[in-house]
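Now for the letters of each chain:
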Amino acid sequence: MSDLFAAQYRETRTQLSEQACVLHGYALDVVDALLTDIRAIEASAPFRHLVTPGGHVMQVAMTNAGTFGWCSDRRGYRYDRVDPQTGTRWPALPPAFLQLAANAARDAGFDGYVPDACLINRYAPGTRLSLHQDRDEDDRVAPIVSVSLGLPATFLFGGFARADKTVRVPLQHGDVVVWGGEDRMRFHGVLPVKPGLHEILGEQRLNLTFRKVK
Ligand code: SIN
Ligand code: FE2
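What comes next concerns the included structure. (Residues numbered from 1 in each chain as written. Chains lettered and ligands numbered in written order. Predicted model: local features only at pLDDT ≥ 70, side-chain atom pairs only at ≥ 80, totals over all residues. Heavy atoms only, no water.)

**As for the pattern of salt bridges**
Defined as follows: Salt bridge, as used here: a side-chain nitrogen of Lys or Arg that lies within 4 Å of a carboxyl oxygen of Asp or Glu. The rule is simple: take the accessible area with a 1.4 Å probe, protein chains only, and divide by the maximum for that residue type; under 20% is buried, over 50% is exposed, in between is partly exposed. Numbering of helices and strands runs from the N terminus; a helix is a DSSP stretch of H or I covering at least four residues, while a strand is a stretch of E covering at least two.
Taken as a whole and judged by the stated rule, the model has 10 salt bridges. When the shortest N-O distance is used, the salt bridge between Arg 78 and Asp 73 registers 2.7 Å. The partly exposed category is assigned to Arg 78, whose relative accessible area is 22%. Ionic pairing is found between Lys 214 and Asp 138, a salt bridge with its closest N-O pair at 3.3 Å. With a gap of 76 residues between them, Lys 214 in the segment after β13 (205-211) and Asp 138 in the loop between β7 (129-132) and β8 (144-150) connect regions that are remote in the sequence. Three or more residues are tied together by salt bridges with common partners; here these are Asp 73, Arg 75, Arg 78 and Asp 80.

**Let's talk about the site of ligand 1**
Under the convention used in this document: Nearness of a residue to a molecule or strand requires only that one of the residue's heavy atoms be within 4 Å of it. For the purposes of these results, a polar contact is taken to be a pair of N or O atoms within 3.5 Å, where, inside protein, one atom must be able to donate a hydrogen and its partner to accept one; residues adjacent in sequence count only when each atom of the pair is a side-chain atom. Every accessible area reported is derived by Shrake-Rupley at a probe size of 1.4 Å, with residue values counting cover from the shown protein chains alone. Whether a set of points on the 1 Å grid over the protein atoms alone is a cavity depends on a 1.4 Å probe fitting there but being unable to get out, while an open set qualifies as a pocket with protein on both sides within 12 Å along at least five of seven lines; lining residues are those with an atom within 4 Å of a point. To be counted as sitting in a cavity or pocket, a molecule needs more than half of its atoms within 2 Å of that site's grid points.
Around ligand 1 lies a shell formed by Asn 121, Tyr 123, Leu 129, His 132, Ser 146, Phe 155, His 188, Val 190, Arg 205, Asn 207, Thr 209 and Arg 211. Tyr 123 is positioned with one of its side-chain polar atoms (N or O) 2.5 Å from an oxygen atom of ligand 1. At a separation of 2.9 Å, an oxygen atom of ligand 1 approaches a polar side-chain atom of Arg 205. Burial of ligand 1 by the protein amounts to 99% of the accessible area it has alone, namely 260 Å². Given that more than half its atoms are within 2 Å of the pocket grid, ligand 1 belongs to the largest pocket. Where the shell around ligand 1 is concerned, the elements lending two or more residues are β6 (117-123), β7, β12 (188-190) and β13. The dominant element in the shell around ligand 1, judged by the number of residues it contributes, is β13, at 4 residues.

**What to know about the sheet that holds strand β9 (residues 153-157)**
Note the cut-off: DSSP-based pairing: two strands are paired if at least 2 bridges between them are found. Angular values range over 0 to 180 degrees, each being the angle between N-to-C directions of two axes fitted as lines to C-alpha atoms, with helices fitted over their stretch in contact.
A sheet is described by the order of its strands in space; here 4 strands give the open sequence β7-β12-β9-β10, paired in antiparallel fashion. The sheet terminates laterally at β7 and β10 (167-171), the two strands that pair on one side only. Sheet twist, expressed as the mean angle between neighbouring strand axes with direction ignored, is 20°. As judged from the 2 bridges shared by β7 and β12, these two strands associate in the antiparallel manner. Looking across to β12, one finds that His 132 is bridged to His 188.

**Notes on helix α3 (residues 95-107)**
Going by this rule: Take the residue count of a helix, subtract one, and multiply by 1.5 Å to get its expected span. Along the arc lie the directions from the helix axis toward the C-beta atoms. The contact criterion used throughout is that any non-hydrogen atoms of two residues lie within 4.5 Å.
Its 13 residues give α3 an end-to-end C-alpha distance of 18 Å, which sits within 8% of 18 Å, the value for a rise of 1.5 Å per residue. If you check which residues of α3 are buried, you get Phe 97, Leu 100, Ala 101, Ala 104 and Ala 105. Down the axis of α3, the buried side of the element spans an arc of 125°, and every buried residue falls inside it. Elements that come into contact with the buried residues of α3 comprise β2 (20-23), α2 (31-44), β6, β8, β11 (176-179) and β13. At the C-terminal side of α3, Gly 109 shows a positive phi close to 105°.

**Some points on the packing of aromatic side chains**
The condition that has to hold: Classification of ring pairs rests on two measures: the distance between centres of Phe, Tyr or Trp rings, Trp counted by its six-membered ring, which must be within 6.5 Å, and the angle between planes, read as stacked under 30 degrees, edge-to-face over 60 and tilted in between. Note on criteria: charge over ring means Lys NZ or Arg CZ within 6 Å of the ring centre, with the direction from the centre no more than 35 degrees off the ring normal.
Tallying each qualifying case throughout the model produces 5 aromatic pairs. Residues Phe 155 and Phe 157 carry aromatic rings whose centres are separated by 6.1 Å and whose planes lie at 25° to one another, so their mutual orientation is stacked. As far as the burial class goes, Phe 155 and Phe 157 line up, both buried. Through a chain of ring-to-ring contacts, three or more aromatic side chains come together here, namely Phe 155, Phe 157 and Trp 179. Geometry around Phe 47 places Arg 122 over its ring, the cationic atom sitting 4.6 Å from the centre.

**Examining the side chain of Asn 121**
As for its placement among the helices and strands, Asn 121 is situated in strand β6. Aside from chain neighbours lying at most four places away, what touches Asn 121 is Phe 47, Val 60, Ala 61, Met 62, Arg 205, Leu 206 and Asn 207.

**Considering the sheet that holds β13**
The 7 strands lie next to each other as β1-β2-β11-β8-β13-β6-β3, forming an open sheet whose pairing is antiparallel. Looking along the sheet, the strands with just one partner apiece sit at the ends: β1 (13-17) and β3 (61-66). Here the average twist between neighbouring strands, direction ignored, is 15°. Pairing between β6 and β13: 7 bridges, direction antiparallel. Looking across to β13, one finds that Leu 119 is bridged to Thr 209. Sitting on the sheet, α2 touches β3, β6, β8 and β13, and the angle it makes with β8 is about 95°. Together, β1, β2, β6, β8, β11 and β13 form the strand contacts of α3, whose direction differs from that of β8 by roughly 120°.

Structure (structure tokens):
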């Protein structure tokens, strides 16, 4: 990317629907801080492959920061204050995470956003996330703020029923997607990540999704 193109790309926004948009390059200025924080989080709460209630091992590796962490096992999906793998509380949300999430939410039209959970997803090449709704949170109106780092991906953004048509949204390192309000319950997913080598993150894509659980 040329510097001029990069600078212009950073300023742009793609509106996905009334209350959903992509803020291109929005996280680029804070990538170093985010990666330092992610390394600290994974040192105490390692990435792991969760098992779905149906008994499948999830392709995406996950960990959490915040008061609540999203978990899945044979008993179901839920939020827990304690990491079941370590028996201790999830690492706190770092200030750089909270600031980025609040700024992105505000610029997307959601003032005063204070998330209490951040799911961190790690995608190796070939890894996908099938179409789903984020429905384990009590708050179904506060936005989801989703930060993409590393290898690019194609995000699928759909309707309120699984079978509804989806749009394909290309996501680059530093892009932030926000969906809330009337669009909060839309189905979404990620197509298999293409093989590649990202200059900072190598052969992986990381995604932070902020949520307000309680
Ligand atoms: C998610 O839906 O939890 C993650 C979306 C993404 O990785 O972009
Ligand atoms: Fe999701």
